[in-house]
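Chain by chain, the residues run as shown.
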Amino acid sequence: MKFLEKIVKNMEPKFAKGGELEKWAPVYESFMTLAFTPPHTTKKGAHIRDAVDLKRTMITVVIALIPCLLFGIYNTGHWALVAESGDRTLDFWQNGGEKFIRGLVVVLPMIVVSYVVGLTVEFIFAIKNGHALHEGFLVTGLLIPLILPADIPLWMIAVATVFGVVIGKEVFGGTGMNIMNVALLTRAFLFFGYPTYMSGDKVWMAGKENTVDGFTGSTALGDLASFITDKPVFENLAMFEGTYSLWDSFMGSIPGSIGETSVIAILIGSVILVVTGVGSLRIMGSFLVGGYVMAILLNLIGGNPYLELPPEFHLVLGGFAFGAVFMATDPVTAAQTETGKLIYGFFGGLLAIMIRVLNPAYPEGVMLAILFMNVMAPIIDHYVIQANIKRRLKRLKTA
Amino acid sequence: MSEDKKTKSEPLFSKKNRKLITDPLTDNNPVTVQVLGICSALAITVQVEQALVMGAAVIFVLVLGNLIISLLRNLIPSRIRIIVQLVVVASLVIIVNEILKAFMPDVSEKLSVFVGLIITNCIIMGRFEAFAMGNKPWPSVLDGLGNGLGYTILLILVAIARELFGSGSILGAQVFGDSLNETGLYALGYENNNLMILPPMALIIVGIIIWIQRLKNKALIEDH
């Protein structure tokens, strides 16, 4: 490590002001601070610099995402084999090594494309604007592949990532200034731009050209949404629960976006986020409560099997858990006030289930619900602060 | 004699008059700088053909409207000027609408209510109020032409982007190959972007054009 540090330090003068590579200073800075503790010290006044900077916060999230990523890779491999053999009853834990490699072949290029494209855009903006590279994309770059179906073409990921980073973040001023979650905006771009690649029953398994004729690889939510149409996949809820048991959905051995299926992996991630103080337990909790309340309300209304789906299913199916833990808690786009976080999370969960069940055009509502709440977050904060001021003024008058 | 001199000192296309046409094309564009007429820019820019027809309609209304208002400017009582202006736009728009229905029924159907909605286009009322009410007929005509062209250029730019990436064609001609038979780029796995056809993308494209324009001309950047 000493050796490496020496090389890096020797390079520094070249990137300093007046050096021959001055223009590339942001590139140097970003790699240097990624590997070593940054040399910044406060020059004036009594300020305390926390050892945990943005880079280390982001790395914590990346670590929290690793269980989801590993499980996602395995699950992708499993369903690729299922699609190939046409046998849905394939044992999940058999041929583990082969499945993991099959999944890795699919998922790794997606991650590489997302990182390379996104970081290139970030570097261009950093060099052009002469500021240090922002770390935000470390997390975004990993989130993007995790919320996409396995069979999406790589060039679509590239186009959507450029859109997400430029329109979602850079036009607002870069990391920390964005109004909406960049990864979700990227997904929204794909969802509306290329709907046939983002929903339906062909996209969730890698290598659809190998698929056996007549095999449908729809997700649980897709099957559920078909209850509203004339041709439901299942005759009743009991049959649905026979195919997608609560345990399978919780463990994650069902088709879906790469990182979203396993609630166990997401729970491990959430523990890491909450213990390190990076993710807000308030948002995660209120998001779950919001979703649960909505599901109960829909149960009370009843009328078709989808509305009568037990609430606990809603929490483990689709991207609900993943959205609650990794998307809604994005510190930049979520509400900032403590009360605001509760309101933000609650309505996010509420809307997610409402859109999911009541609008057949959108089989999954988590993405749209969180994007909507991102936009609403500043208003929520505003009213929370105003309410606080009013309350304190009242106290002042009575005294 | 003195009048003769005056007309000589102000030729038809003097520098000042030329500026009336060129300014709205770039640095004082009604859409990107004044941010007017956005609603129609979102609605009718899915295809270049619609944008062209819409642009022509707006130029027609704006030039003639500016001329009429300018001729009447000393006769219009200021308290009812908005009503007079509305009557003028409305009559002109009805003429345009009837012409379109008679000679271009398909385009007229695609543009549907948006031709009628030219009446409420802020650019038109804005030019009447801000220019034609206080200037002579000839400069008013030039101003109308300039602003109409500025609006049309922007519509066409947005429409080209949207039709090219949304439908893979320009003016109905397939550029990237046939998407149904999978020829050209489509054979390589290229797909049209559906989002381009949806109105939000028009807003984003207008935003990108505004962004690029302000990068080139820093004087346009507003102070905060």
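Below is a summary of the structure that appears in this document. (Residues numbered from 1 in each chain as written. Chains lettered and ligands numbered in written order. Predicted model: local features only at pLDDT ≥ 70, side-chain atom pairs only at ≥ 80, totals over all residues. Heavy atoms only, no water.)

This part covers the environment of Lys218(B). By the secondary structure assignment, Lys218(B) is in the segment after α10 (199-216). Remark: the alpha-carbon pair of Lys218(B) and Ile124(B), spanning 94 residues in sequence, is separated by 27 Å. (Helix = DSSP H or I, 4+ residues; strand = E, 2+ residues; numbered from the N terminus.)

Before going further, it helps to examine empty space enclosed by the protein. Residue and element names in this part refer to chain A. Going through the model one piece at a time under the given rule, you end up with 4 cavities of 30 Å³ or more. Looking at the largest cavity, its volume works out to about 110 Å³. Lining the largest cavity we find Ile147, Leu184, Arg187, Glu260, Gly319, Phe322, Gly323, Met327, Glu364, Val366, Met367 and Ile370. Those elements that place two or more of their residues in the lining of the largest cavity are α7 (182-193), α15 (320-327) and α17 (366-398). Built from parts of two domains, the lining of the largest cavity gets at least three residues from each of domain 1 (55-198) and domain 2 (221-254 + 279-387). (1 Å grid on protein atoms, 1.4 Å probe; cavity = no way out; pocket = protein on both sides within 12 Å on 5 of 7 lines; lining within 4 Å. Points joined across faces, edges and corners; volume = space filled by probe spheres on them. Domains from an automatic or database assignment.)

So, about the pattern of salt bridges. On inspection of all chains with the given rule, the structure shows 8 salt bridges over all chains. Measuring nitrogen to oxygen at the nearest pair gives 2.9 Å for the salt bridge that ties Arg356(A) to Glu364(A). Overall, the relative accessible area of 16% leaves Glu364(A) in the buried class. Across the salt bridge formed by Asp143(B) and Arg127(B), the nearest N and O atoms sit 2.9 Å from each other. (Salt bridge = Lys/Arg side-chain N within 4 Å of Asp/Glu carboxyl O. Buried < 20%, exposed > 50% of the residue type's maximum accessible area, 1.4 Å probe, protein only.)

For the rest of this paragraph, the subject is the interface of chain A and chain B. Between chain A and chain B, the residue contacts involve 13 residues of the former and 12 residues of the latter. Counting the surface lost from both chain A and chain B, the interface buries some 980 Å², and carbon and sulfur atoms represent 74% of this. On the surface where chain A and chain B come into contact, there are 0 salt bridges. Elements that contribute at least two residues to the side of chain A that touches chain B include exactly α6 (154-168), α7 and α8 (195-198) of chain A. Looking at the side of chain A that touches chain B, the element that brings in the most residues is α6(A), giving 5 residues. Looking at the side of chain A that touches chain B, its residues break down into 12 nonpolar, 1 polar and no charged. (Contact = heavy atoms within 4.5 Å. Buried area = accessible area lost by both parts, 1.4 Å probe. Nonpolar A, V, L, I, M, F, W, Y, C, P; charged D, E, K, R; others polar.)

This next bit is on the packing of helix α4 (residues 48-72) of chain B against helix α9 (residues 137-167) of chain B. Residues and elements named next belong to chain B. Interhelical geometry of α4 versus α9 gives an angle of 165° and a closest axis separation of 8 Å. Between α4 and α9, the crossing angle belongs to the class labelled roughly antiparallel. With respect to the hand of their crossing, α4 and α9 are arranged in right-handed fashion. For the contact of α4 with α9, a count of residues per class yields 19 nonpolar, 8 polar and 3 charged. (Axes fitted to C-alpha atoms, helices over the stretch in contact; angles between N-to-C directions. Parallel < 35°, antiparallel > 145°, perpendicular 65-115°, else oblique. Left-handed = near helix turned anticlockwise from the far one by under 90°.)

Our next topic: the side chain of Glu170(A). All names here are of chain A. Looking at the secondary structure, you find glutamate 170 in the loop between α6 and α7. Of the side chains with opposite charge, lysine 169 comes closest to the buried, unpaired glutamate 170, at an N-O distance of 5.2 Å. Not counting residues up to four positions away in its chain, the partners in contact with glutamate 170 are Glu122, Phe125 and Val165. (Lys, Arg positive; Asp, Glu negative; His and termini not counted.)

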